[in-house]
Every structure is written in C-alpha cells, then in structure tokens.
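# Survey of secondary and tertiary structure
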Amino acid sequence: RRQRQMCIRDRYFLVASCFGAGGATVTCITVMGLIPYSTYSFPAIDMGMMLEAVLLALALADQLSRIRQEKSAAEALSLIDPLTGLNNRRAFSKTYMSNKVPAFKPQRAMSIILIDIDNFKLINDLHGHNTGDDVLVEIARVLKNSTRDGDFLARWGGEEFIVCLPGTPTTNAVPIAERYRKEITKICVEAADAQVLKLSASLGCLLYTSDAAD
C-alpha cells in the first residue's frame, strides 16, 4: 500500500515537472521564432509554471493528509493491548483520568471492578508463556462478551483487567463482578501438554468519585 501511495505521489511530481518544462520549452521556441507567436505560445511558461504549482500543491496536500491518517492510526494502536485487543492502561488513563468524561460530573460516581487471574504465574511456570497468552486471550474474550454497552474494559497489566462502570454504585457493581467471576470459572484452556486448565479470578469493587480524581 505504501509503495502504491509513493507511486501516485511520484506521478504528481512527474506530471507537474512536465507542465513546467513543457511551458518553458514552448516559450523558448516561440522566442527563437521556430513557431509562430500567439497569445498562448509566448506565455506558455507562465501557464506551465502555474499548472506545476497547482499539481505540487495537490501532491503536498495529499501527503499531509496521509501523514495525519497514519498519525491517527498510530495513536489508536497505542491505546490497544496487542495480545488481547482490549484497551490498555494508557487508554484507561487517557479516557477516565482526564476529568472530561461523564463519570466525573459533579455528584456522579463510577464503580471500578479490578480482576486478577488466580495462579497466573504458576500457569506460566508449569505450562509455558504461550499457554499463559492463551489464557489471557480467552479471559479477554469472555470479559468483552460480558461487558455492558457504555462500560469500559481494559487490560491493566500482566494478568490484571479493569472494568469501569460510569454512573453505577457499588451495590449494582458487585453483582456484575460476580457475573464476571462465574463466567471466568467456565473457561477451559488446553495447555501445550494437552492438560485442560480450569481458571478462576479474584475480583474487587471500589467507588470512584469526581472528588477522587482531583
């Protein structure tokens, strides 16, 4: 794709150069008397330079547009955990620690659920890191399928995940955390040695208010 973009940009420059050089050539041979003087042949250099400038401006605008798109794509990728495809810790900080989201409006609270996979280090030690990665991917899938619209799920780091529930008091968050816990216990992951692993997790809920963000 990048090669195709470079090819299009090179064509802009080639055509622009042709207009500039062509216009200059027509004017020169007109002055030399090789072709008859006319209102088009003599000022051809001016028209050629004008068309060259227009095409170069279009090429520059196209290049700047592509740079902005690539920058936006890179920024989006920097907020995603590459293993699980979930938001990462940076995305959480950017979204919920900026005091710009509805959760931090006055008199409004947000519950946070912290999820820590049990015995994850032991899984890595006994079955290898590839199996550990499989565990994280499967847990991420289950958590994503169980998360409500409007809630924010992220991988906090290592074997830890975080779920933010805007406008939700802890009395309502605790049953949601229990649902997460039960869904995790249903997961079965086959290790490299063909052993089937049953998973569990420890979860905690806390209330996060606008005052806590100051």
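Small disclaimer: the values here were computed from a predicted structure and weren't measured.

What counts, and at which threshold
- Within every chain, residues take consecutive numbers counted from 1 along the sequence as written.
- Totals for whole chains, interfaces and linings use every residue, but because this is a predicted model, local features are given only for residues with pLDDT of at least 70 and side-chain atom pairs only at 80 or more, for both listing and counting.
- By convention in this description, side-chain values take in all heavy atoms of the structure and omit both hydrogens and water.
- Working convention: axes come from line fits to C-alpha atoms, limited for helices to the stretch in contact. Angles between N-to-C directions cover 0 to 180 degrees.
- What counts as a helix is a DSSP run of H or I of at least four residues, what counts as a strand is a run of E of at least two, and both are numbered from the N terminus.
- What sets the label is the angle itself: under 35 degrees gives roughly parallel, over 145 gives roughly antiparallel, 65 to 115 gives roughly perpendicular, and the rest give oblique.
- By convention the crossing between two helices is left-handed if the near helix lies anticlockwise of the far one by an angle smaller than a right angle, and right-handed if it lies clockwise.
- It only takes one pair of heavy atoms within 4.5 Å for two residues to be counted as in contact.
- Polar here means any residue other than Ala, Val, Leu, Ile, Met, Phe, Trp, Tyr, Cys and Pro, which are nonpolar, and Asp, Glu, Lys and Arg, which are charged; Gly is therefore polar.
- Between the rings of Phe, Tyr and Trp (Trp by its six-membered ring), a pair exists once the centres lie within 6.5 Å; its type follows the angle of the planes, with under 30 degrees stacked, over 60 edge-to-face, and the other angles tilted.
- Note on classification: 1.4 Å probe, protein chains only; a residue is buried when its accessible area is under 20% of the maximum for its type, exposed when over 50%, partly exposed between these limits.
- Note on pairing: DSSP must find at least two bridges between two strands before they are called paired.
- By definition, a salt bridge exists where a carboxyl oxygen of Asp or Glu is found within 4 Å of a side-chain nitrogen of Lys or Arg.

The N-to-C vectors of helix H5 (residues 129–146) and helix H6 (residues 170–185) enclose an angle of 140°; their axes lie 10 Å apart at closest approach. Taken together, H5 and H6 sit at an angle that is classed as oblique. Here H5 and H6 pass one another in a crossing that is right-handed. Mapping the contact onto sequence places Val142, Leu143 and Ser146 in H5 and Arg179, Tyr180, Glu183 and Ile184 in H6. Taken together, the residues of the contact of H5 with H6 sort by class into four nonpolar, one polar and two charged.

This part covers the packing of aromatic side chains. By the definition in use, this model includes one aromatic pair. Between Phe92 and Trp156, the aromatic rings sit 5.2 Å apart at their centres with planes inclined by 80°, giving edge-to-face as the arrangement. Highlighted residues: Phe92 in helix H3 (residues 89–96) and Trp156 in strand E2 (residues 152–157), separated in sequence by 64 residues. Look at Trp156 and you get partly exposed, because its relative accessible area is 21%.

Here we take up the pairing of strand E3 (residues 160–166). When you tally the buried positions in E3, you get five out of seven residues, the bulk of the element. Here E2 runs beside E3; their pairing, made up of five bridges, is antiparallel. Residue pairing across strands places Phe152 opposite Cys164, the latter belonging to E3.

Positive phi, normally seen in glycine, also occurs at Asn119, with a value near 55°. Its place among the elements puts Asn119 in the loop between strand E1 (109–117) and helix H4 (120–127). Taking relative accessible area as the criterion, Asn119 reaches 55% and is therefore assigned exposed. Residue Ala194 is not a glycine yet carries a positive backbone phi of 75°. Assignment of secondary structure puts Ala194 in the loop between strand E4 (188–190) and strand E5 (196–198).

Put simply, H4 and H5 touch, their axes get as near as 7 Å, and they point 140° apart. Compared by their axis directions, H4 and H5 come out oblique. Each of Phe120, Ile123, Asn124 and His127 in H4 lies in contact with H5, whose residues at this interface are His129, Thr131, Gly132, Val135 and Leu136.

All right, on to the pattern of salt bridges then. Within the structure shown, the criterion is met by six salt bridges. With a closest N to O distance of 3.2 Å, Asp81 and Arg155 form a salt bridge. One end of the pair, Asp81, is in the loop between helix H2 (44–77) and H3; the other, Arg155, is in strand E2, and 74 residues separate them in sequence. Neither residue differs from the other here; Asp81 and Arg155 are each classed as buried. Close ionic contact of Arg181 with Glu178 constitutes a salt bridge, the shortest N to O distance being 2.7 Å.

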